[in-house]
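As a plain string of letters, each chain reads:
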Amino acid sequence: MMEGINAKYVSQKISKTRWRPVSSSSLQQPDIFATGSWDNEDNKISIWSIGENGISGLDDEFEGDPQLVCEHKHNGDVLDLQFLDQDRIVTASSTGAVIIFRHHHNSQTLSVSQLWERAHHYPCDNAPCTGIVCNSPEIVTVGEDGRIILFRADQEGVLRTIENADSSTIHDVTFLRTTEILTVNSIGQLKIWDFRQQGNEPSQILSLTGDRVPLHCVDRHPNQQHIVATGGQDGMLCIWDVRQGNMPFSLMEAHSAEMWEVHFHPSNPDHLFSCSEDGSLLHWETSSNSDTPSFLQGGRNTSIVSRSAIAPAGGNQSLISSWLTGDSSKGRLETTHMLPSQTLSVNSLDVLGQCLVCGTDGEAIYVNRRVPI
Amino acid sequence: MEEVDVEPTTTPIPGFDSNQKHLGFVWGPGDILVYETIYKASGGSAGGCPFVHEVRKDEDIYSPILRKLFNESHHIFVGLQRIREDLPSKNKKPQFVSISKNYRSVIRACMEELQQVAVYHNDSLGNTLLSLELIWNLCEVLFIDAAPAGSLVLHLLDWVRLHKADVDEKAREVLASESPAEHQAYWDVVISYVLQGRMDEARQVLVKQAALQPAARVMFKLLDNLLMKMPIFNPGETQTLTEFDVKWRHWREEVDHCLQDQSFASNRHLEDICKILVGDEDVLLEYKELLSTWYHFLVTRLLFSHPTVKPTELHYYAQSSMHMFLDTRSVPEPLDSILLAAFEFDIHQVIKDCSIALNNWWFVGHLTDLLDHCKLLQSHNLHFGSNLREFLLLEYASGLFTHHSLWQLAVDYFDHCPEFGRVYLELQIERVPLDTERKALKVIRICEQRQMTEQVRSICKIMAKKALRNNRLGSALSWSIRAKDAAFATLISERFLQDYCAKGTFSDLDLIDNLGPAMLLSDRLTFLGKYREFHRLYGEKRFSDAAKLLLSLMTAKIAPHSFWMTLLTDALPLLEQKEVIFSADQTHELMFCLEELTSGKSQLFTLASLARVKQLFTLH
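Residues numbered from 1 in each chain as written. Chains lettered and ligands numbered in written order. Predicted model: local features only at pLDDT ≥ 70, side-chain atom pairs only at ≥ 80, totals over all residues. Heavy atoms only, no water.

Engineer: Which residues make up the overall build of chain A, and what are the values?
Structural biologist: In terms of helices and strands, chain A carries two helices and 28 strands. With 373 residues in all, chain A has 59% of them scored as buried. (Helix = DSSP H or I, 4+ residues; strand = E, 2+ residues; numbered from the N terminus. Buried < 20%, exposed > 50% of the residue type's maximum accessible area, 1.4 Å probe, protein only.)

Have a look at this one:
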C-alpha cells in the first residue's frame, strides 16, 4: 500500500503544496507542484518536478523523487497557495500581502508579477491573509482581519471588499457558484456570501449546535454545488448540505488534532482526503453497490428526510450521504492512512489524477503516484 | 569546581580592546550578548559604546543541508523510542544495528550533498561529518553489534574499507589505462588491496603483471596460490574459532616457508606482499602512505598477525599501533584519542571527548541515546541529578529550541527525557514567538497534549489580548473559549456592552447571535447573549416574552448592577404599551429592583430619569 511514497527532506517546513493543473482534455498525470514554506527567517515558494511521465522505469522510486525546478523568496509565511492558471501562482502571506508569482517556463524562474501589499491589515499591526480561492481571473482572499477581498488578476486595485465580514478569523474560503462563496471561521460558522448582493451581510450562516469549534478548512464537492466538507480544531470531518440549514449530514471522527486541509478528489468524488496536525493523512473512500454516486443515495434515514423542507428536484433521490452511519445503508466507508509512519503535522495535501503530494512540519515532502482510486 | 579538560577557546570581539575596557555580558538560550561597559580596566569610567554583540557557539544549526540531518535523525530517534521494552534483547540487537545504520546513512547523505555543493568553502563541515561517521561506525561495530573474536577482525576490515574508498578509484584508473601493469600506481593498487584483505581483487590485478612476465610465471602462480588459500573466518559455518586458528597458522607457516626459501627474492614487490602476509610490521610501516591512518595499520596488523583477536585485547594493539605509526612528537588529534578510547571500550571517554571536540550536541546526544537503549551505559548519576543520556538530549534539544524553525523537533526530545524534559519544555515553549494564529494553534496543541494547562492559558491570553487590541472580538472570544478563561470572556462581554452603550447598537451580531453553549463560560457573556435575545424578541414584537426575559435578567442577578439602569430604561417602552405586558407580580419585582438600585451605591442615573421611572411605575 505504501509503495512509491518516500520522504524528501527539503530543509524548510512546508505549509502548502499544490499540483499545477493539467488540462482536462489530456489524460496526463500531473508532474509539477508548488510548495510554500513557513516559520523560516527566509521563506520561499518553490516549484518541483517529479520527472517524465509515461516512462515506467525500473527504478520508480528514484524517478519519483521530486527535483527542485526553481524557487523564489517569499516575504512572510505562505499561508495559502493556489494556481491561478498554468503560469501563475497566488500566495497568501502572514504579512497580509497577496502576491501573484509568474513561472517562466523558458528560463525556469519565478518572478513577482503582482503584489497587493497590505491587502489584509489591522489599523496598526499586520493581519495575516489566511485563505485564497481562484476562479481565473478572479481571486478571493480572506484573513485574520475578518475581511473578504475580491481581486482581479492584472487589475491593480481591489474589486470589492467586504469589511468586517466576520468578527473572528476567517480560515478558509471556497466557491459554491461563480458568484457565491462560502467561508469558515474560528467560531465554527459557515457563511455564504453572494457577490450579486451589495452590503456586508452574509446570505446564510450555518453552524453546529453545540460547541463552536473553530473550522480550518472547507472544500466543495466537485459536482454537487451544495455539498461541502469541513474540518476543524477537533479533527472532526463534517459533510454539509448548505441548502438544508443548520445540521451537517454527517460528523465523523477523523483525527486527534486540528484538521488542516480536506479535499474531494476532483474527478472521483467518492474519495476524500484529509490531513492533520496529528501527523496523519487519511484517504476516505465510500463505495456502494449501486451506480449512483454515494452522495446521491436513496435515503433510509427518515428523520433527516422529514426535516428537509426541500423536495429534491430529481424526485426519487434525496441527498443523503452514504457516510451516515447507523443504518444498514448500501454504502460503506473505508479509511486508510497514507503515510508510512507517524510524522510531525501534515500541513497540506493536494490530489490530482492518481497523484498525491503532501508536506509536513518535519520538513519533508511525500509524493505518491499510485493513489488507488 | 572541577578542572577544565581543555583550554577554553577565545573569541575576539571586533572593535573591543580588553586592555582598555571591561566587557559586560548576559547569557541567552543559545548565545551570549556582550557589550562594552563604561568601566575602564584601569579604574574609572569613560564613554560607552552603542554596540551589542551576539556571540553564538553553534553555527551549524543554520546550515540548510544539516537541517536535513536534524529532521531525518529526529524521525529515527522517535522510532527508536517506540521500540517496545518487553522484547527479549536477542530480538532487539538486529533492530538496534539497523537503526544505527539508518543514522549513519543519514550522515552519509548529508556528506554527499555537502560535497556536491561546497567545493571551495566550508568543507570543514564535510570533513567533520566524515569523522563522525567513522566514529559512529566503529561504535556500532564494537559496542552495538559487539562482534566476538573471529568476526571482529572482519567487521573492522569492513569499517576500514568503507573509509578508504580511494583504492577503487585508483584501481579503475589503472585498469582503464593502456598498459595497466606499467602504470605508475599499479603496485600501489595491488598492495592496497592486500592491505585491506581484498585478496580476490589483488589477484585480478596481479594477473596483468603475470601476463607481462612469462618467465616468472611460476613465482606469480605461487603467490596467487597463497593469496587464494588465505583462510577467512566464516561465522556462519560450523567451523569453530580454534579450527580456524589452526588452519590459519598452517597457511602462515606455508607463507613463511616461501619467504625463507627466497621464492620471491627476484621481485621486491612480490616479496613485500609475502612479508605483509606474515604480518611483518616493518614492511607494513614502509607502506605508511598507502595505509594513511594508524587505525588502518592496526586492522591490517590484526588481519595478518592476530585474526582471532578478542575484543578485550584490542586496546593493547590499538595503543601500540598508534605509537608505531604516528610521529611520537606530534600531538594526537582529537579524532585519534576518540578512536583509541573506543578501542579501549571506554564509552564514557568517547562521549566526553566527542562532546568537547564538537560544537553541537547532535552527535553525542543520538549516539548516547542509542547506546543507552542497548543497555551499554552504566547509570552514572551526574551532579545535577539526571543521567548522561538525558543530560545530552536536554542540551541538544535546548539548542534546537533557539532555532526559529527547528524548535518543533525539540519537543519530542524533551518528551523522552523523563526527569527534566517536562520542566524544560514548559519553560521553553512559552518563549516561541507567535506571529500568526496558526503558529499559536500549533504551540497550544503541543501544550494541550501534555496537559500543560498553565501554558495554554497564558498563550491564549496573549492571543486574546492581541485580538482585542485590534478590535477582533470574535477572535478574542474564540481564544477565551479555548483556554476556558472565564475572566477574559467577561472582559470581552464588557467591551461589547460598552460598545452598545456608546453606539446604541450591537456590533458583531454574527457572534453574539450565535454564541451557543459558549455563552455559559462566564456570567457576563451569558448576560450579553440573553440581552441580545431580549432585543430580538422585542424586534419581533413578542413583548411578553421579552418582558419575562428582561425581568429574569435582573432577578436572577445575571445582569451586572451597572447595567440595571439601562435595563429599567429598556423596560419603559414596555410599560408604555397600551396593552398590559407586565403582570402585577412582575411590576412588583420591577419596583423592587428599582428600590434596590436607588438605595444602592450606584450613581449611574440622573435624578430626572429616576423620577420618571418612579412615576411610571406608580401610575401602572
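Engineer: How would you sum up the UniProt feature "repeat: WD" (unreviewed entry) in chain A? Please name residues and give values.
Structural biologist: Under the feature "repeat: WD" (unreviewed entry), the UniProt entry names residues 208-250 and 252-294 of chain A. For residues 208-250 of chain A, the helix share is 0%, the strand share is 44%, and the end-to-end C-alpha distance is 11 Å. (UniProt positions renumbered as here; feature names shortened; annotations may be inferred.)

Engineer: Account for a nonpolar patch on the surface, naming residues and giving values.
Structural biologist: Residue and element names in this part refer to chain B. On the surface, Val 26, Leu 33, Tyr 35 and Val 52 cluster together into a nonpolar patch covering about 360 Å² of accessible area. Position of Val 52 relative to the elements: it lies in strand β3 (residues 52-56). You can call Val 52 exposed: its relative accessible area is 57%. (Patch = residues over 30% accessible without salt bridge, like charges linked within 9 Å, V, L, I, M, F, W, Y side chains within 5 Å. Areas by Shrake-Rupley, 256 points an atom, 1.4 Å probe, with all protein chains shown as cover. Salt bridge = Lys/Arg side-chain N within 4 Å of Asp/Glu carboxyl O.)

Engineer: Could you give an account of the domain arrangement of chain B, naming the residues involved and the relevant values?
Structural biologist: Residues and elements named next belong to chain B. Under the domain assignment used here, chain B contains domain 1 (1-57), domain 2 (62-147 + 343-373), domain 3 (162-309), domain 4 (433-527) and domain 5 (541-620). Taken together, the contacts link six residues of domain 4 with eight residues of domain 5. Of the roughly 580 Å² buried where domain 4 meets domain 5, counting both sides, 82% is carbon and sulfur surface. The largest per-residue losses of area from domain 4 upon contact with domain 5 belong to Tyr 500, Arg 524 and Phe 527, which jointly make up 69% of the total buried on that side. The tally of links from domain 4 across to domain 5 stands at zero salt bridges. Linking domain 4 to domain 5 there are zero residue pairs in polar contact (both at pLDDT 80 or more). Of all the secondary-structure elements, those providing two or more residues to the side of domain 4 that touches domain 5 are α24 (486-503) and α26 (523-539). When grouped by side-chain class, the residues that make up the side of domain 4 that touches domain 5 number four nonpolar, no polar and two charged. (Domains from an automatic or database assignment. Contact = heavy atoms within 4.5 Å. Buried area = accessible area lost by both parts, 1.4 Å probe. Polar contact = N/O pair within 3.5 Å; in protein donor to acceptor, adjacent residues only side chain to side chain. Nonpolar A, V, L, I, M, F, W, Y, C, P; charged D, E, K, R; others polar.)

Engineer: So what's going on with the interface of chain A and chain B? Which residues, and what values?
Structural biologist: Taken together, the contact between chain A and chain B spans 49 residues of the former and 39 residues of the latter. Each partner contributes to the roughly 3,800 Å² buried at the junction of chain A and chain B, and carbon and sulfur atoms together form 44% of this total. The largest share of the area that chain A buries against chain B comes from A:Tyr9, A:Ser167 and A:Arg212, three residues that together contribute 17% of it. If you look at where chain A meets chain B, you find seven salt bridges. Residue A:Glu277 pairs with B:Lys442 through a salt bridge whose shortest N-O separation is 3.0 Å.

Engineer: Give a description of the packing of aromatic side chains that names residues and reports values.
Structural biologist: All names here are of chain A. Enumeration according to the criterion identifies 30 aromatic pairs over all chains in this entry. Considering the side-chain rings of Phe 33 and Trp 48, the 6.4 Å spacing of their centres and the 15° angle between planes classify their relative orientation as stacked. Placement of the pair is Phe 33 in strand β3 (residues 32-38) and Trp 48 in strand β4 (residues 43-49), with a sequence separation of 15 residues. We note that Phe 33, like Trp 48, is buried. (Phe/Tyr/Trp six-rings, centres within 6.5 Å; stacked < 30°, edge-to-face > 60°.)

Engineer: Just give me the short version of unusual backbone geometry, but keep the residues and values in it.
Structural biologist: Each neighbour pair has its own omega, and for A:Ser136 with A:Pro137 the value is 5°, a cis peptide bond. Positive phi, close to 50°, is recorded for B:Gln451, a residue that is not glycine. With respect to the helices and strands, the residue B:Gln451 is situated in the loop between α21 (437-449) and α22 (453-469). Take B:Gln451: its relative accessible area is 60%, and that puts it in the exposed class. In this structure, B:Asn471 is a non-glycine residue whose phi angle is positive, near 65°. With respect to the helices and strands, B:Asn471 occurs in the loop between α22 and α23 (473-483). You can call B:Asn471 partly exposed: its relative accessible area is 45%.

Engineer: Before we move on, can you summarise the sheet that holds strand β8 (residues 98-104) of chain A with the specific residues and values?
Structural biologist: Adjacent strands of a sheet pair through backbone hydrogen bonds, lying either parallel or antiparallel. Residues and elements named next belong to chain A. On the basis of which strands lie adjacent, the open sheet formed by four strands has the order β6-β7-β8-β9 and antiparallel pairing. A single partner strand is all that each edge strand has here, and the edge strands are β6 (78-83) and β9 (109-116). Recorded for the sheet is a direction-independent mean angle of 25° between the axes of neighbouring strands. Alignment of β6 against strand β7 (residues 88-93), held across five bridges, turns out to be antiparallel. Pairing of Leu 81 across the sheet is with Thr 91, part of β7. (Pairing = 2+ DSSP bridges. Axes fitted to C-alpha atoms, helices over the stretch in contact; angles between N-to-C directions.)

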